[in-house]
Amino acid sequence: MVRVYEETSGQKLDGDENETEGLTPFDACKYLIAKKIMATREKIKQRDNTKGGVTVRARLSNDLRKMISAIKNDDLQKIIKIHEKSAKKRFLKKVDPELIKAQKNDIELIKKHILELELLSKRKYDKDSKKNPKEDTTTSHLLEGADDLDNENKSSGVMDGVVLEQNLPDDATKSQLPTIDISQAMLKVQDMQKQIDQGLDVFSKKLDDLHQMSLDIGNELNEQNRLLEQIDKKVEEEVTKLKNLNAKVDNALDKVGGSNKIMCIICIAIIIVVCAAAALIFLISYF
């Protein structure tokens, strides 16, 4: 999940299209933000615990800045717009004040987590800068703009006084801030996944039934082909017998003449009719 989140600069998580199905736009956005914040905390912990050099940590820090920027500039703005749209009064639409208040509280909590992520993302390098007065250009570049970020947060008043640097947790994954509540969203997601699993089970059973049906049809076709081959063989045998009989009749007619010839023709006709009737009865008995 973290890998996909990093490679897309914080834009996408594994399964985000399916996991939010059935949720309201606000809950879906909050659900994904909570997952992204947790993924970012894991990345900060990885950066803090890395034993690599400055270059490795600089790369991790750049990844973190992209991830945090995506949450702050994209996801946060998106959920704010959804909240504003929900709070706007419309014709024949009642606004639930409790829901609007809960959404506002969720947004404020998300802002606090984002501020804490920003402080955590630069904390490691602040400590290193005190230990190593001679910073290289890479580390200086990573710290560039940190003061401007603090001034921006303070001047905006949005996150002022929410998180103090001395209150930051040693483990980035263990924040002292309240957890973003996505329990209801999780229940809806689990219920939706359960319905999907049930649908897949039914679909799988139908496929098994179709497979068995196709096997039965195949066996029946093989049996019908065998019977047709037997009938075809019998017909060929009867045709051969008729040809031989016709040849014998022709020879007999050549030897007789007059009334005897007429009687022979009548007898031959009777024999042919009897043979044809026998062949017809044989075919009917097979079907």
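Going by what an unreviewed UniProt entry lists, the protein chain is known as t-SNARE coiled-coil homology domain-containing protein and is assigned to Naegleria fowleri.

1. A short note on the side chain of Asp 106
Relative to the helices and strands, Asp 106 is located in helix H5 (residues 97-131). Those residues in contact with Asp 106 that lie beyond four places of it in its chain are Phe 26 and Lys 30.

2. Quick look at a negative patch on the surface
A cluster of acidic residues, Glu 229, Asp 232, Glu 236, Glu 237 and Glu 238, forms a negative patch at the surface. With respect to the secondary-structure elements, Glu 236 resides in helix H8 (residues 183-255).

3. With respect to the confidence of the model for the protein chain
Scored by pLDDT, the protein chain comes out at a mean of 76, with 74% of its residues at no less than 70. The lowest-confidence element of the protein chain is helix H6 (residues 137-143), averaging 39 in pLDDT; the highest-confidence one is helix H3 (residues 25-49), averaging 89. A low-confidence stretch, residues 129-150 stays under pLDDT 50, and its non-local contacts, those more than four residues away or across chains, total 25 contacts. Every residue in residues 152-163 is under pLDDT 50, and counting partners more than four places away or in other chains gives 21 contacts.

4. Side note on H3
Here H3 contains 25 residues, and its C-alpha end-to-end distance of 36 Å stays within 8% of the 36 Å for a straight helix at 1.5 Å per residue. In terms of burial, H3 is largely enclosed, as 19 of its 25 residues are buried.

5. Overview of the side chain of Arg 41
Mapped onto the secondary structure, Arg 41 falls in helix H3. Classification of Arg 41 as buried rests on a relative accessible area of 3%. A polar contact of 2.8 Å, which involves the side chain of Arg 41, links it to the backbone oxygen of Ala 172. The residues contacting Arg 41, other than those within four sequence positions of it, are His 113, Glu 116, Leu 117, Leu 120, Ala 172, Thr 173 and Ser 175.

6. Considerations on the nonpolar core
Grouped together as the largest cluster of nonpolar side chains are 31 residues, with contacts concentrated most on Tyr 31, Ile 33, Leu 76, Ile 79, Ile 110 and Ile 180. When residues of this core are traced back to their parent elements, those giving at least two are H3, helix H4 (54-87), H5 and H8. Those residues in contact with Ile 110 that lie beyond four places of it in its chain are Lys 30, Ile 33, Leu 76, Ile 79 and Ile 180.

7. Details of the pattern of salt bridges
Tallied over the full model, the rule gives 10 salt bridges. Linking Arg 41 and Glu 116 is a salt bridge whose minimum nitrogen-to-oxygen distance equals 2.5 Å. Here Arg 41 is found in helix H3, whereas its partner Glu 116 is found in helix H5, with 75 residues between them in sequence. For Glu 116, a relative accessible area of 2% corresponds to the buried category. Between Glu 118 and Lys 72 there is a salt bridge, with the nearest N and O atoms lying 3.1 Å from each other. Of this pair, Glu 118 sits in helix H5 while Lys 72 sits in helix H4, and the two are 46 residues apart along the sequence. Since its relative accessible area comes to 5%, Glu 118 is described here as buried. For Lys 72, a relative accessible area of 16% puts it in the buried group.

Analysis parameters
- Residues numbered from 1 in each chain as written.
- Predicted model: local features only at pLDDT ≥ 70, side-chain atom pairs only at ≥ 80, totals over all residues.
- Heavy atoms only, no water.
- Helix = DSSP H or I, 4+ residues; strand = E, 2+ residues; numbered from the N terminus.
- Contact = heavy atoms within 4.5 Å.
- Patch = residues over 30% accessible without salt bridge, like charges linked within 9 Å, V, L, I, M, F, W, Y side chains within 5 Å.
- Areas by Shrake-Rupley, 256 points an atom, 1.4 Å probe, with all protein chains shown as cover.
- Salt bridge = Lys/Arg side-chain N within 4 Å of Asp/Glu carboxyl O.
- Lys, Arg positive; Asp, Glu negative; His and termini not counted.
- Charge placed at Lys NZ, Arg CZ, Asp CG, Glu CD.
- pLDDT = per-residue confidence, 0-100.
- Expected span 1.5 Å × (residues − 1).
- Buried < 20%, exposed > 50% of the residue type's maximum accessible area, 1.4 Å probe, protein only.
- Polar contact = N/O pair within 3.5 Å; in protein donor to acceptor, adjacent residues only side chain to side chain.
- Core = buried A, V, L, I, M, F, W, Y, C linked by side-chain atoms within 4.5 Å.

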